[in-house]
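Read off the chains here:
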Amino acid sequence: METLKVVLIFVAVITTSTSNTNIFGGRCSREDPNVDECLLRSFNSLIDYLKRGAPEMGIEESEPIVIDELSIALGSGPDGYRATFKDIHATGASNMTITNVRSDLETHQFQLTLFGPHISARARYRSSGILLLVRASGGGDYWGEYDGVKAKVYFRGEPYQRNGRTFLRLKQLKLDFSVRDIQMGVENLQNSNAVLEAALNLFTNTNAQELLKEMKPELKRDLAEKMSRYLDHILQHIPYDDWIVD
Ligand SMILES: *[C@@H]1O[C@H](CO)[C@@H](O)[C@H](O)[C@H]1NC(C)=O
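Residue positions within a chain follow its written sequence, with the count starting from 1. In view of the model being predicted, local features appear only for residues whose pLDDT reaches at least 70, and side-chain atom pairs are presented and counted only at 80 or more, with totals across whole chains, interfaces and linings using the full set of residues.

Draft legend 1. A look at unusual backbone geometry. Residues Glu63 and Pro64 are joined by a peptide bond in cis, for which omega reads -15°. Structurally, Pro64 is set in the loop between helix H2 (35-50) and strand S2 (65-74). The phi dihedral of His108 falls on the positive side, at around 55°, and the residue is not glycine. Within the secondary structure, His108 is located in the loop between strand S4 (97-104) and strand S5 (109-128). Exposure is read from a count of other C-beta atoms within 10 Å of each residue's own; the residue is exposed at 12 or fewer, buried at 20 or more and partly exposed in between. C-beta atoms are placed from the backbone. Classification of His108 as partly exposed rests on a count of 18 C-beta atoms within 10 Å. Here the phi dihedral of Asn163 falls at roughly 45°; this positive angle occurs in a residue that is not glycine. Runs of E in the DSSP output that reach at least two residues are strands. Runs of H or I that reach at least four are helices, and both are numbered from the N terminus. Considering the arrangement of structural elements, one finds Asn163 in the loop between strand S8 (138-162) and strand S9 (165-190). Residue Asn163 is classed as exposed on the basis of its C-beta count, with 6 C-beta atoms lying within 10 Å.

Draft legend 2. Fine view of the site of the ligand. Surrounding the ligand, one finds Glu63, Thr91, Gly92, Ser94 and Asn95. Under this grouping Gly is polar, as are all residues other than the nonpolar Ala, Val, Leu, Ile, Met, Phe, Trp, Tyr, Cys and Pro and the charged Asp, Glu, Lys and Arg. Tallied by class, the residues present in the shell around the ligand amount to no nonpolar, four polar and one charged. Contact assignment follows one rule, namely that a residue is near a molecule or strand if its backbone-placed C-beta atom lies within 6 Å of it.

Draft legend 3. Summary view of the environment of Gly77. Within the element layout of this structure, Gly77 appears in the loop between S2 and strand S3 (81-91). Owing to 7 C-beta atoms within 10 Å, Gly77 belongs among the exposed residues under this scheme. In this structure the C-alpha to C-alpha distance between Gly77 and Gly129, which are 52 residues apart in sequence, comes to 9.1 Å.

Draft legend 4. Quick peek at the pairing of S8. Where S5 and S8 come together, 18 bridges link them in antiparallel fashion. Residue pairing for S8: Ala123 is matched across the bridge by Tyr142. In this structure, S8 lies alongside S9, joined through 22 bridges in antiparallel fashion. Among the inter-strand pairings, Arg162 is bridged to a residue of S9, identified as Arg165. Whether two strands pair depends on DSSP finding at least two bridges between them. Linking S8 back to S9 in an antiparallel pair, the connection comprises two residues, with Asn163 at a positive phi of about 45°.

Draft legend 5. Representation of H2 within the structure. Here the expected length of a helix is defined as 1.5 Å per residue gap, with one fewer gap than residues. Compared with an ideal rise of 1.5 Å per residue, which puts 16 residues at 22 Å, H2 spans 22 Å between its outermost C-alpha atoms and is within 8% of the ideal. Buried residues of H2: Cys38, Leu39, Leu40, Ser42 and Phe43, and no others.

Draft legend 6. Fine view of the nonpolar core. Under the definition applied here, buried Ala, Val, Leu, Ile, Met, Phe, Trp, Tyr and Cys residues are grouped into a nonpolar core through C-beta atoms within 7 Å. Counting residues in each nonpolar core, the largest one holds 17 residues, and the members touching the most others are Leu39, Phe43, Val101 and Leu112. Sorting the residues of this core by element identifies H2, S5, S8 and S9 as the ones contributing at least two each. We call two residues in contact if the C-beta atoms placed from their backbones are at most 7 Å apart. Beyond its immediate sequence surroundings of up to four residues, Leu39 is in contact with Cys28, Val101 and Ser103. Formed by ten residues, the second largest nonpolar core is a distinct cluster that contains Tyr125, Leu131, Ala136 and Leu196.

Draft legend 7. Representation of the environment of Thr113. Examined against the element boundaries, Thr113 turns out to sit in strand S5. The class of Thr113 is partly exposed, set by 15 C-beta atoms lying within 10 Å. Residues Thr113 and Val101, twelve residues apart in the sequence, show an inter-C-alpha distance of 6.5 Å. Excluding residues within four positions of it along the chain, Thr113 makes contact with Ile98, Thr99, Asn100 and Lys152.

Draft legend 8. Structural detail: the confidence of the model for the protein. Scored by pLDDT, the protein comes out at a mean of 86, with 88% of its residues at no less than 70. Taken element by element, the predicted model of the protein shows its lowest mean pLDDT in helix H1 (residues 2-19) (46) and its highest in S4 (97). For every residue, the predictor assigns a confidence score, pLDDT, that lies between 0 and 100. Considering only residues more than four positions removed or in separate chains, one finds that residues 4-20, a stretch of pLDDT under 50, has three contacts.

Draft legend 9. Quick look at the environment of Ser71. Within the secondary structure, Ser71 is located in strand S2. With 14 C-beta atoms counted inside 10 Å, the residue Ser71 sits in the partly exposed group. Residues Ser71 and Tyr125, 54 residues apart in the sequence, show an inter-C-alpha distance of 9.5 Å. Among residues more than four places away in sequence, those in contact with Ser71 are Arg82, Ala83 and Thr84.

As structure tokens, then:
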């Protein structure tokens, strides 16, 4: 019985604190000349709140980010090098913080700059073709350690009324990112030998930025889709007039 009471109090506390949106570190005024700095604080407290997931908004814990598949092709022809990465699990994105906000509240546009100290990725990997004069057909495990990840996210919303409150509907989202330092490699290669493994590791590390660039269009598309879904949930649950006031 005591336990039930404690649970009920706990639930009550959670529901009140989310319904009045204290999860934002306070509202921001449209009239405030430093509204972007206010939004920066508010968005960061929201990110902090959402890290562990928010079931009441249909938001799952943000770690890990899972990407089903990405592929790259370098060179053309039958011997061009191709690699496919599956079941990519990336961790560390929840440690990202927003470092800058630029908003245009007239047109409901926002540009956020984010920084993450470190992201790790693991994936299954298959490749074919020729790399550094070595036939690189086979598969194995991929690992990547990314330091100094910077991202820019732009989004535009459109206001609408629901139950007497103003909400934003997500109309457009774009993102881009860069990584300061990349270390990566492959291991546990099947049907392979030490020469191929060494060649692959040499190649991937000396060409890490090139490989990332090659992968970027697909990666950006996938991440933008995930982020749109995430942001859409948030915007549906938190009225716009809860974070911006006149
Ligand atoms: C986030 O950063 C902390 C402190 O550096 C670290 O201990 C933790 O492992 C990081 N979390 C993830 C998921 O990488």
